[in-house]
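So the chains spell out like this:
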Amino acid sequence: MEEQDQMQSSIEVEEVEEQQREGKRLEEENVVRFLDSLDSYVTLLDSLSSTLRQGWLELASARQSMGASRINGALLDLKSHSAATSLQVTHHDDEILNQPHFTLCKWASSKNGYGDEKLRENKLQTNSDGPQLRHRSQFAGTPEKIPETKGAPLIVDDQVQKERTKSLSMFGTLVSPKLRAAQLSFETALETLVEIANVRLTMLSTSDQVRKELEGTEG
Amino acid sequence: MASRAQIHTSNSALIAMIADEDTVVGFLLAGVGNVDLRRKANYLIVDSKTTIKQIEDAFKEFTTREDIAVMLISQYVANMIRFLVDSYNRPVPAILEIPSKDHPYDPTHD
């Protein structure tokens, strides 16, 4: 009888120790996740600063060649129009990360018949196995990913170029190549910003969990 | 710190901006500009004539609009309404402080 009681109590002690180890492991995972997201956040901000600086420089160069009167805020289109670049907001049902997720949709147009929505998945946080389309203009010098469907990439690229041209047209028909370069720089900055937004949410969420765990330990 | 507010999913949410002219123009070139039928834009250009009240009103408007998912605000502008920015704690729209041409990013303020 005593031996049975001793065995029972030792099993219970082992279970408690196992739970404590598991809890400790989860705490450490949260801390590591927080530190990783913080590192990513700082790195991305640095990259964003660099990209924005390039964009501002190109914009200044374009202003110098085209004239200050041709590139200023007074020329902005105040007629009703929809954004060509928008965000898709989805919600993770993850127990650990209960947070929204942003995906950039560049140059997506609902008015055309090709259905060419451009999704730029976040490299740091992707939970979907959906197709990734990356389209860059001829100025970027990077080879484009060609989807399997024949003819589709040319149509999509053409549509993207039309959207880009339409966006540039608020500053005139003939624009400086520097203005086109600035457009690409700010597109890249947008992609970085969406990544920053996702990483920031992860950082805040994990920071919250770590704080709660610390308060639980102290209490 | 993000609170557990109700998060709306959306297929075409906007990016709002409160920043200097060059930054706004640059992002408008990237296609984020939106003007609705009431001629309300999703951006505010801040210059020397912009008042603090105008910036506050724009901030409050953009953070209450359901069609906006992310708001970009130049950090020097955010510093003008710091109490308002710091008291905001919802996950969407996400507020991102960005550097401006004349004011580099300062992590201590973020």
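Residues numbered from 1 in each chain as written. Chains lettered and ligands numbered in written order. Predicted model: local features only at pLDDT ≥ 70, side-chain atom pairs only at ≥ 80, totals over all residues. Heavy atoms only, no water.

Where an unreviewed UniProt entry is consulted, chain B appears under the name V-type proton ATPase subunit F-like isoform X4, with the organism given as Juglans regia.

As recorded by an unreviewed UniProt entry, chain A carries the name Vacuolar ATPase assembly protein VMA22 and is attributed to Juglans regia.

Thoughts on the overall build of chain B
In terms of regular secondary structure, chain B is built from four helices and four strands. For chain B, the α and β elements follow one another from N to C terminus as β-α-β-α-β-α-α-β. In terms of overall size, chain B behaves like a compact globule, its C-alpha atoms giving a radius of gyration of 13 Å where 110 residues would be expected to give roughly 13 Å. By principal-axis analysis of the C-alpha atoms, chain B measures approximately 35 × 35 × 25 Å. (Helix = DSSP H or I, 4+ residues; strand = E, 2+ residues; numbered from the N terminus. Rg over C-alpha atoms; globule rule 2.2 N^0.38 Å.)

Regarding a negative patch on the surface
Together, E12(A), E14(A), E15(A) and E17(A) make up a negatively charged patch on the protein surface. Among the structural elements, E15(A) can be located in helix α1 (residues 2–66). (Patch = residues over 30% accessible without salt bridge, like charges linked within 9 Å, V, L, I, M, F, W, Y side chains within 5 Å. Areas by Shrake-Rupley, 256 points an atom, 1.4 Å probe, with all protein chains shown as cover. Salt bridge = Lys/Arg side-chain N within 4 Å of Asp/Glu carboxyl O. Lys, Arg positive; Asp, Glu negative; His and termini not counted. Charge placed at Lys NZ, Arg CZ, Asp CG, Glu CD.)

Overview of unusual backbone geometry
Of note, the amide linkage connecting V92(B) to P93(B) takes the cis form, showing an omega dihedral of 0°. Its place among the elements puts P93(B) in the loop between α4 (82–86) and β4 (94–98).

Description of the nonpolar core
Counting residues in hydrophobic clusters, the biggest one holds 52 residues, and the most contacted among them are F102(A), L179(A), F27(B), V70(B) and L72(B). For this core, the elements supplying multiple residues, two or more each, are α1, β1 (86–91), β2 (100–105) and α3 (177–218) of chain A together with β1 (10–19), α1 (21–29), β3 (68–74) and β4 of chain B. Counting residues per element, this core draws most heavily on α3(A), at 12 residues. Counting 21 residues, the second-largest nonpolar core is a separate cluster that includes A16(B), F62(B), I68(B) and I73(B). (Core = buried A, V, L, I, M, F, W, Y, C linked by side-chain atoms within 4.5 Å. Buried < 20%, exposed > 50% of the residue type's maximum accessible area, 1.4 Å probe, protein only.)

Examining the side chain of S167(A)
Tracing the backbone through its elements, the reader meets S167(A) in helix α2 (residues 152–168). A relative accessible area of 11% places S167(A) in the buried class. The contacts of S167(A), once residues within four sequence positions are left out, are W107(A), Q183(A), L28(B), L29(B), A30(B) and G31(B). (Contact = heavy atoms within 4.5 Å.)

A word on the interface of chain B and chain A
Between chain B and chain A, the residue contacts involve 45 residues of the former and 52 residues of the latter. Roughly 4000 Å² of surface becomes buried between chain B and chain A when both sides are summed, with 66% attributable to carbon and sulfur atoms. On the surface where chain B and chain A come into contact, there are two salt bridges. A salt bridge links R63(A) to E21(B); its shortest N-O distance comes to 3.8 Å. Joining chain B to chain A, the criterion identifies 14 residue pairs in polar contact (both at pLDDT 80 or more). Mapped by element, the contributors of at least two residues to the side of chain B that touches chain A are β1, α1, β2 (43–45), β3 and β4 of chain B. Top element by residues in the side of chain B that touches chain A is α1(B). It accounts for eight residues. When the residues that make up the side of chain B that touches chain A are grouped by side-chain class, the tally is 27 nonpolar, 11 polar and seven charged. Pairing analysis gives two bridges linking β1(A) to β1(B), with the strands arranged antiparallel. Among the inter-strand pairings, V89(A) is bridged to a residue of β1(B), identified as S10(B). (Buried area = accessible area lost by both parts, 1.4 Å probe. Polar contact = N/O pair within 3.5 Å; in protein donor to acceptor, adjacent residues only side chain to side chain. Nonpolar A, V, L, I, M, F, W, Y, C, P; charged D, E, K, R; others polar. Pairing = 2+ DSSP bridges.)

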